[in-house]
Amino acid sequence: PDAIARGAVLVGVRTTDEHAREHIDLEPSLHIPIDELRARLGEVPHDRMVVVYCAIGQRGYLAQRILIQHGLSAVNLSGGYRSYRLATSPTHDDR
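Residues numbered from 1 in each chain as written. Predicted model: local features only at pLDDT ≥ 70, side-chain atom pairs only at ≥ 80, totals over all residues. Heavy atoms only, no water.

With respect to helix α3 (residues 58-69)
In step 1: Its 12 residues give α3 an end-to-end C-alpha distance of 17 Å, which sits within 8% of 16 Å, the value for a rise of 1.5 Å per residue.
In step 2: All of the buried residues in α3 are G60, A63, Q64, I66 and L67. The buried side chains of α3 occupy one side of the element, clustering within an arc of 165° when seen end-on. Exposed positions of α3 whose direction lies more than 90 degrees from the buried face are Q58 and Q69.
In step 3: In the core, the buried residues of α3 are packed alongside β3 (50-53) and β4 (74-76).
In step 4: One or two positions beyond α3, positive phi appears at G71, with a value near 85°. (Helix = DSSP H or I, 4+ residues; strand = E, 2+ residues; numbered from the N terminus. Expected span 1.5 Å × (residues − 1). Buried < 20%, exposed > 50% of the residue type's maximum accessible area, 1.4 Å probe, protein only. Arc of directions from axis to C-beta. Contact = heavy atoms within 4.5 Å.)

Right, here's the structure in full:
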């Protein structure tokens with residue numbers, strides 16, 4: 001996404017199994033499952049915009065709220081990984 005090109009960091013908040021199957025392969029990125037986010041806040045850069053994503057956006061929204069409550073600048077990737085995959089797939093096939 002454009003925010004990544006402008007220096008934001010991407011944080012995937014899906015489960016480890018979901019991440020292992022498929023994820024957004026852009027750098028810089030982190031994988032921190034939503035259930036671990038509060039305990040691992042120190043791993044998230046505090047001096048950059050953070051773009052969070054999950055599968056469809058619900059956990060991403062929760063992650064965004066957590067990060068904002070802790071003073072970070074964060075946005076949720078609307079529609080999550082599913083929308084990203086649809087937007088970047090050459091065939092736009094959603095099977």
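On we go.
A closer look at the nonpolar core
In step 1: One finds L37, V44, V50 and L67 to be the most contacted residues of the largest nonpolar core, which totals 16 residues.
In step 2: Elements supplying a minimum of two residues to this core: β1 (9-12), β3 and α3.
In step 3: The element contributing the most residues to this core is α3, with three residues.
In step 4: Leaving out residues up to four positions away in the same chain, L37 has contacts with I32, V44, A63, I66 and L67.
In step 5: Counting residues in each nonpolar core, the second largest holds nine residues, with A3, A8, L10 and V51 among its members. (Core = buried A, V, L, I, M, F, W, Y, C linked by side-chain atoms within 4.5 Å.)

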